[in-house]
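Now for the letters of each chain:
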Amino acid sequence: MPIFLTGFMGVGKTTVGKRLGELQQLPVIDMDHYIEEKEGMKIKDIFSEKGEWHFRSIETAALKDLMKVEAVITTGGGIIERLENREMLAAVQTVFHLFCSFEVLWERLEGDSERPLVQKNSMDGLLELYNRRLPLYRNVSKIEIDTTYKTIDETISELKRNL
Ligand code: S3P
C-alpha cells in the first residue's frame, strides 16, 4: 500500500515525502511531477491551456494508477477536490494530513509564480480555499500532523511513529 501525504499547498509534502522515502527505503512519487512527465507539460501550462477541470481529470487518472504502488506518494493540494479521489484515499490506512496554519503558509506562498491557484487568488480567496479544504483533508486522512511549529525532522519523526 502506498503512504500518501496530503495537505494544502506549501505545507512541505514534497520535502517531507523525499526524506521519508529515503528513511523507509521506498520510492517517492510526487503526483505533480508524475502528471508533468505523463503530459509533457508543466502544471501551470495545463491549467492555463486546458483548464483546471481538465487538470483534475488527469489528477484522478494518476491517483488510480498509483493506488497499489509501494511508495511514498505526495499528492497535489487539490487531490481532495473530487469525491472520487476522496473515496479512494479514505479506503487507505496510511494517509497523512500535514497541517499548517494559514498565516505560515501564506508567508511561503505569497508571490509564487509556479502555482496557478496562488496566481489566481488574493490572500482572502486562498484563505477561503484553505478553510473549505481543511475538513476534506481531515476526512480522508487517518493521521494529522501539525507541522506549523515543527522542523522537517520533527515532522518526519512523528510520521514514523505513526506508521
Ligand atoms: C494544487 C496544488 C498543486 C498542484 C496544482 C493544484 C491545488 O500542488 O497540484 O497547482 O489545487 O491545491 P502542491 O500542493 O504540491 O502545490
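This one's a predicted model, so the numbers in the text were calculated from it and none came from an experiment.

J.: Help me understand the overall build of the chain in this model?
T.: The helix and strand inventory of the chain stands at 9 helices and 5 strands. Counting from the amino terminus, helix and strand elements in the chain follow one another as β-α-β-α-α-α-β-α-β-α-α-α-β-α. On C-alpha atoms alone, the chain measures out to a radius of gyration of 15 Å, which is about the 15 Å that the 2.2 N^0.38 rule sets for 163 residues. Within the chain, the fraction of its 163 residues that count as buried is 29%. Looking at the chain alone, contacts between residues at least 24 apart form 76% of all its contacts between residues at least 6 apart.

J.: Please clarify how the UniProt feature "binding site: substrate" (unreviewed entry) in the chain should be interpreted in this entry.
T.: Under the present numbering, the feature "binding site: substrate" (unreviewed entry) in UniProt falls on Asp-32, Arg-56, Gly-77 and Arg-133. The residue Arg-56 is located in helix H4 (residues 52-66) in this model. The contact partners of Arg-56, leaving out residues within four places of it in the chain, are Glu-81 and Arg-82. Locating Arg-133 in the fold gives a position in helix H8 (residues 123-140). Residue class for Arg-133 comes out partly exposed when judged on the 19 C-beta atoms lying within 10 Å of it. With residues near it in sequence (within four places) discarded, Arg-133 still touches Phe-8 and Ile-80.

J.: Is there a simple way to explain the UniProt feature "binding site: ATP" (unreviewed entry) in the chain in this structure?
T.: According to UniProt, the feature "binding site: ATP" (unreviewed entry) maps to Gly-10, Val-11, Gly-12, Lys-13, Thr-14, Thr-15 and Arg-115 in the numbering used here. For Gly-10, the location among the structural elements is in the loop between strand E1 (3-6) and helix H1 (13-24). Take Gly-10: there are 20 C-beta atoms within 10 Å of it, and that puts it in the buried class. Gly-10 has contacts with Leu-105, Arg-108 and Leu-109, leaving out every residue within four places of it along the chain. What makes Arg-115 partly exposed here is the crowd of 19 C-beta atoms within 10 Å. With residues up to four places along the chain from it excluded, the contact list for Arg-115 reads Met-9 and Leu-109.

J.: It is not clear to me how the environment of Thr-74 should be interpreted in this structure. Could you clarify?
T.: In this structure, Thr-74 sits in strand E3 (residues 72-74). Given 28 C-beta atoms within 10 Å, Thr-74 falls into the buried group. C-alpha separation for the pair Thr-74 and Val-28, spaced 46 residues apart in sequence, amounts to 7.6 Å. Among all residues touching Thr-74, those that are not within four sequence positions of it are Leu-5, Lys-13, Thr-14, Gly-17, Asp-30 and Met-31.

J.: Honestly, the environment of Tyr-34 in this entry has me stumped. Any pointers?
T.: Tracing the backbone through its elements, the reader meets Tyr-34 in helix H2 (residues 31-39). On the basis of neighbour count, Tyr-34 is assigned to the partly exposed category, with 19 C-beta atoms found within 10 Å. The sequence separation of Tyr-34 and Glu-84 amounts to 50 residues, and the corresponding C-alpha distance is 19 Å. Dropping the residues within four chain positions of it, Tyr-34 is found in contact with Ile-29 and Ala-62.

J.: What's the story with the packing of H1 against helix H9 (residues 152-161) in this structure? I'm lost.
T.: A pair of packed helices is characterised by two quantities: the angle between their axes and the separation of those axes. One can describe the packing of H1 onto H9 by two numbers: an axis separation of 10 Å at closest approach and a directional angle of 55 degrees. The pairing of H1 with H9 is recorded here as oblique in orientation. Where H1 crosses over H9, the handedness of that crossing is right-handed. Where H1 approaches H9, its residues Thr-15, Val-16, Arg-19, Leu-20 and Leu-23 are matched on the opposing element by Ile-152, Thr-155, Ile-156, Leu-159 and Lys-160. Here the residues of the contact of H1 with H9 are counted per class, giving 6 nonpolar, 2 polar and 2 charged.

Reading guide: rules and limits
- Residues numbered from 1 in each chain as written.
- Predicted model: local features only at pLDDT ≥ 70, side-chain atom pairs only at ≥ 80, totals over all residues.
- Helix = DSSP H or I, 4+ residues; strand = E, 2+ residues; numbered from the N terminus.
- Rg over C-alpha atoms; globule rule 2.2 N^0.38 Å.
- Buried ≥ 20, exposed ≤ 12 C-beta atoms within 10 Å, placed from the backbone.
- Contact = placed C-beta atoms within 7 Å.
- UniProt positions renumbered as here; feature names shortened; annotations may be inferred.
- Axes fitted to C-alpha atoms, helices over the stretch in contact; angles between N-to-C directions.
- Parallel < 35°, antiparallel > 145°, perpendicular 65-115°, else oblique.
- Left-handed = near helix turned anticlockwise from the far one by under 90°.
- Nonpolar A, V, L, I, M, F, W, Y, C, P; charged D, E, K, R; others polar.

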